[in-house]
Amino acid sequence: MKVTRRKLFAAAAGVGVTGAAAAGMGAHTLMTIGPARSYIADILRRRVPQVDVPADTIAAFAQDLLDAGDITLRERVVSYGGGAAASVLRAANLQPIETYERRIVTTFLINSDFFDKDRESERSVEYFGLSDTVCSFANPFAQFLS
Amino acid sequence: MEMFDLVVVGSGFGSLFFVQRFLEKQPKARIAIVEWGRLNDAAWQLENMRNSNIDTSLAHKQKSSEKPWVYTIGVGGGTNCWWGQALRLLPSDFEMRSKYGVLQDWPLSYNDLESYYCDVEETMLIAGSESIAKICPRSRPFPQPPHHMSEPDRILVEAQPDYHFPVTTARASIASDARGRCCSSARCNLCPADAKFTAFNGMREVMGSPQIEWITEAKVTHIIVEAGRAKGVLFQKKGEDLEVYGDLVVLGANAIQSPAILLTSGLDTPATGKGLCEQYACDLEVHLDGVQNFGGGSVSTGLNYLLYDGEHRSEAGAALVNFDNHFRFGLRTEQGRWRETMPLIINVEDAPEDRNRVELTSKGEAFVRHPDVSEYAKKGMDRALKKIDEILAPLPVEEVKFRGFRPTEAHLQCSLRMGKDPETSVVDHLGRHHKVKDLVVVGSAVFATCPPANPSLTVAALARRSADFIAGSKG
């Protein structure tokens, strides 16, 4: 059996959104990869402007998050798109946008080679995907005794 | 009908460390372990992304408006889901009444437990720094060296050498034959490296002992008592009512289910079920200026005791501050300052109160009433939040953000407290029931008070001590 980041992320997401707005749950069916990709691209452009993230990389990352069951992402995308469903979601007590966007950025960066390169000169970034073993990428800064 | 020397209810820390010592002293003893859950090994848990197939939110009843209580039902109990924080209590935790005039003294001292702490630390391969002996005296070294600390920890160890220490943990700092090395993945309830001590990787001799008969997926409903002595237990398995008998019954379900079993058995002494509590906790995030965090070797790397012990405990609960080494709130998003953030958890001592208790529903199920934490805990939290700056003073702090109270620490305790007075306690210093002979209670239910330190190591040490005394002279 292979333990994947995908499975672990799904569990984490499941725990984190237990109390998510029930009213918004039906809106998940409206979800498509397109709006999620736009939302993620917007976050990365604003939060990590020093790298160029290719469109296919963003698509892959967004798809990984959706596959991993990131319900908050689905809610955010609906909210991001406006409309009646967005009003319902905004009225609910959702995770603050600041915290959620930090988590998105963190997940992307630690699953990429972002911290392996000199960001003064290097604008490209390679995304490894969420399916690698968790121990490989959980905390790229951790230092061990052996 | 087969008679056992020992009938054990539940298979978490308390039960297994009792059984381990019992078998060391009586190798030929026949033991039945009756476990509500089934055996879900590490592979099953990782594959299914959960510790048990039983939803514990359905295992007891409570008002939905009250705080949740979390525990694992299954072979190995809490050894599966815990995060491996393996802290000793402080000597003063055992003498709160004598020293500070509040709560209760435990009917044993730190010194009574010290050698048992050492024993269970060896079984669990605890990693830690000898420097912590300044506050928790030690007679033996830790089995494993401490984890690599984060940079904020290093600064605080230097500035506050009597209060800040590397974490003591059952997450291995170096690999061994039995376990991998911690990978700092922050998924410790489902450790992907098998680095954290569990019943499966750390107690193989006990788990596989031919002296033990495992009766799993069997929910104990009653203790069988005849002429004031425990004789066995009744349990339900696959719709059948069954029973198993033994010379000694050890009750180690958990701090909700153990009192419920006593209550269904009619063993409703005055203190039974009363005092259920756990640490009162909150999350903080500290933004730093120029200090990089997350370089430690495990999910949590530092413990700060500055707000733990002292005269304030006569009025307000002790506070322990855990320094986390994982992205609880994510990295910062300012260019180049990704790691200049530090998540903290403040754990505050609660006071067991009668209003917070385990009762039974009309159907005989466990029902938890917990209107609120104590004023003692609230004062302790207020004090900790006001004084957190004293701990953080050596660090270049930009901002401290309050990130909310934590719903549960999964440390349920104090519902069958140990003590000398049967009116205010349920068991004695060995966990022996005050009113029923040959009945011993293990687990955090027997804690006399609720200090801020994580309870599992103390549960194991207490259980080992009980077995050490009782195995040689039946309870």
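Small disclaimer: the values here were computed from a predicted structure and weren't measured.

## Points about the overall build of chain B
- Secondary structure assignment for chain B yields 11 helices and 16 strands.
- Against the globule reference of 23 Å for 475 residues, chain B gives a C-alpha radius of gyration of 22 Å, in line with a compact fold.
- Counting only C-alpha atoms and orienting by the principal axes, one finds that chain B spans roughly 70 × 45 × 45 Å.
- Looking at the 475 residues of chain B, the share that counts as buried comes to 64%.
- When contacts within chain B are restricted to residue pairs at least 6 apart in sequence, those whose partners lie at least 24 apart make up 73%.
- Placing the 53 positive and 61 negative side-chain charges of chain B at their respective mean positions leaves the two points 2 Å apart.

## Observations regarding the confidence of the model for chain A
- For chain A, the mean per-residue pLDDT works out to 70, and 55% of the residues sit at or above 70.
- Contacts from residues 1-30 of chain A, a stretch scored under 50 in pLDDT, to residues over four places away or in other chains number 57 contacts.

## Here we look at helix 1 (residues 13-25) of chain B
Residue and element names in this part refer to chain B.
- Between its terminal C-alpha atoms helix 1 stretches 19 Å, which fits the 18 Å expected from 13 residues at 1.5 Å a residue.
- The element helix 1 is extensively covered by neighbouring structure, given that 11 of its 13 residues are classed as buried.
- Turning to helix 1, its buried residues are Phe13, Gly14, Ser15, Leu16, Phe17, Phe18, Val19, Gln20, Arg21, Phe22 and Leu23.

## A few points about the pairing of strand 9 (residues 280-288) of chain B
All names here are of chain B.
- In terms of residue burial, strand 9 counts as a mostly covered element, since 9 of its 9 residues are buried.
- Neither face of strand 9 is exposed, since Tyr280, Cys282, Leu284, Val286 and Leu288 on one face and Ala281, Asp283, Glu285 and His287 on the opposite face are all buried.
- Both strand 9 and strand 15 (residues 397-405) contribute to a ladder of 6 bridges, which runs antiparallel. Looking at the pairing, His287 lines up with Glu399 of strand 15.

## Some words on unusual backbone geometry
Residue and element names in this part refer to chain B.
- Even without being glycine, Ala186 reaches a positive phi, approximately 60 degrees.
- Mapping Ala186 onto the fold places it in the loop between strand 4 (164-166) and helix 7 (199-202).
- Backbone geometry places Glu217, a non-glycine residue, at a positive phi of 50 degrees.
- Following the sequence through the fold, Glu217 ends up in the loop between strand 5 (212-215) and strand 6 (219-226).

## Concerning the sheet that holds strand 4 of chain B
Residues and elements named next belong to chain B.
- What the 6 strands build is an open sheet, ordered 4-10-11-12-9-15; its pairing is antiparallel. Because the sheet does not close on itself, it has two edges, and the strands there are strand 4 and strand 15. Direction aside, neighbouring strands of the sheet carry axes that sit 25 degrees apart on average.

Parameters and conventions
- Residues numbered from 1 in each chain as written.
- Chains lettered and ligands numbered in written order.
- Predicted model: local features only at pLDDT ≥ 70, side-chain atom pairs only at ≥ 80, totals over all residues.
- Heavy atoms only, no water.
- Helix = DSSP H or I, 4+ residues; strand = E, 2+ residues; numbered from the N terminus.
- Rg over C-alpha atoms; globule rule 2.2 N^0.38 Å.
- Buried < 20%, exposed > 50% of the residue type's maximum accessible area, 1.4 Å probe, protein only.
- Contact = heavy atoms within 4.5 Å.
- Lys, Arg positive; Asp, Glu negative; His and termini not counted.
- Charge placed at Lys NZ, Arg CZ, Asp CG, Glu CD.
- pLDDT = per-residue confidence, 0-100.
- Expected span 1.5 Å × (residues − 1).
- Pairing = 2+ DSSP bridges.
- Axes fitted to C-alpha atoms, helices over the stretch in contact; angles between N-to-C directions.

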